[in-house]
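Spelled out from the first residue to the last, the chains are:
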Amino acid sequence: LRFLLPILLISSCSLYEPAPTVKTNAAATSTPAAIIPLPAEAPQIFENPNPPTAPTLVTRSLSEFNLEGVAFDSRTHCLRVIDQADGPGTTFIDAAQAGSSRNAIAAINAGFFTPRGEPLGLLVSNGKSSGSWNSATSIGSALWHESHSGTSRISRRNETNPATAKQMRESLQSGPMLVDRCLVVGGLESDKTSARSFIAWDGGTRWFIGRTSPCPLNIFAANLASGQHCGWKIHRAMNLDGGRSSDLWISSRVSGGPLTSRPPWNRPVRNFLILLPRE
């Protein structure tokens, strides 16, 4: 078994070709790649044979940045989009308010929004959509979504049918993709230091939402791809809105909690992801 396990781990991350480069200039436009429709219920990539573990606070102090977040299993817990239809800060001033209002165990700021407070990309909350499909910029190149039957994934924009994404129970378009098929994505921004919010996934049922101290995006992605921080190898990870939007709250019901990570100079945001026990 000790010889077989490394072989299985290597094979789970070596069945794919290297990920394409993602450019991170939000203002740039390009011809969108062809849309490849996927079924609403694409199969999971990795089956976790172990029983689910309770959500746990994870903190890391690294030479390049500090990281904090919560690891959880989608068999027992789920992410839900909380949107403020009237604009940033109109209902919830921060992640702690948004999470507490729904009896969640954790919450994090979610997608980008325009200067007028509109979602910058597709957003679906409990089957209700807002915003519009972002087909041009890197901050719309990734998508987290959960179907009505409870299957959740991170997908690339160019492998996702916008109509299918809009029909999900929950969808959040953001980006860029940071890790794809266990490899760091090339071409990520290297000259801007900022706080980062993100979602990571092992390709099966293990998930992580978290926030970092200010760091370059390429350095952050390379660290994530090393697989040292979540406790398991990351299949895909995507960037959320960061900088002065980056806001993480974890309740005392999470092992190791509570934690609030939101500088006083932060601005209100349009939407959040909250973490709930599955019903």
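Use the structure listed above.
First, a word on what this report is: a plain description of the structure on this page.

Here is what the cut-offs are and how they apply
Residues numbered from 1 in each chain as written. Predicted model: local features only at pLDDT ≥ 70, side-chain atom pairs only at ≥ 80, totals over all residues. Heavy atoms only, no water. Helix = DSSP H or I, 4+ residues; strand = E, 2+ residues; numbered from the N terminus. Buried < 20%, exposed > 50% of the residue type's maximum accessible area, 1.4 Å probe, protein only. Contact = heavy atoms within 4.5 Å. Areas by Shrake-Rupley, 256 points an atom, 1.4 Å probe, with all protein chains shown as cover. Core = buried A, V, L, I, M, F, W, Y, C linked by side-chain atoms within 4.5 Å. Pairing = 2+ DSSP bridges. Phe/Tyr/Trp six-rings, centres within 6.5 Å; stacked < 30°, edge-to-face > 60°.

### Topic: the overall build of the protein
Looking only at helices and strands, the protein features four helices and 17 strands. With 279 residues in all, the protein has 52% of them scored as buried. Excluding contacts between residues fewer than 6 apart, the proportion of contacts in the protein whose partners are at least 24 apart in sequence is 75%. Here the protein has roughly 12,600 Å² of accessible surface; of this, 54% comes from carbon and sulfur atoms.

### Examining the nonpolar core
Core analysis: the biggest nonpolar cluster contains 48 residues, and Trp 144, Leu 178, Ile 199, Phe 208, Phe 220, Leu 224 and Leu 273 have the highest contact counts within it. For this core, the element with the most residues is helix 4 (residues 217-225), which contributes five residues. With near-sequence residues (within four places) excluded, Leu 224 lies in contact with Leu 67, Leu 178, Val 179, Phe 198, His 229, Ile 234 and Ala 237. Membership of the second largest hydrophobic core comes to 14 residues, among which are Phe 92, Ala 107, Trp 249 and Ile 274.

### Quick look at the sheet that holds strand 1 (residues 56-61)
Ordered in space as 1-2-13-12-14-10-11, the seven strands form an open sheet in which the pairing is antiparallel. Each of the sheet's edge strands pairs with one partner strand only, and the pair in question is strand 1 and strand 11 (183-184). Pairing between strand 10 (residues 177-180) and strand 11: two bridges, direction antiparallel. Residue pairing for strand 11: Asp 180 is matched across the bridge by Leu 183.

### As for the packing of aromatic side chains
Applying the stated criterion across every chain yields a total of four aromatic pairs. For the ring pair Phe 65 and Phe 220, a centre distance of 5.6 Å and an interplane angle of 85° mean the geometry is edge-to-face. Highlighted residues: Phe 65 in the loop between strand 1 and strand 2 (66-73) and Phe 220 in helix 4, separated in sequence by 155 residues. A residue is classified by how much of its surface remains accessible, and Phe 220, at 0% relative accessible area, is buried. Ring geometry for Phe 198 against Phe 208: centres 5.7 Å apart, planes inclined by 20°, an arrangement best described as stacked. A residue pair is termed long-range when its members are at least 10 positions apart, and Phe 198 in strand 12 (residues 193-201) and Phe 208 in strand 13 (residues 206-216) qualify at 10 residues. The exposure class assigned to Phe 198 is buried, which follows from its relative accessible area of 0%. Taking the relative accessible area as the measure of exposure, Phe 208 reaches 0% and is therefore buried. Of the aromatic side chains, those joined through ring pairs into one cluster are Phe 65, Phe 198, Phe 208 and Phe 220.

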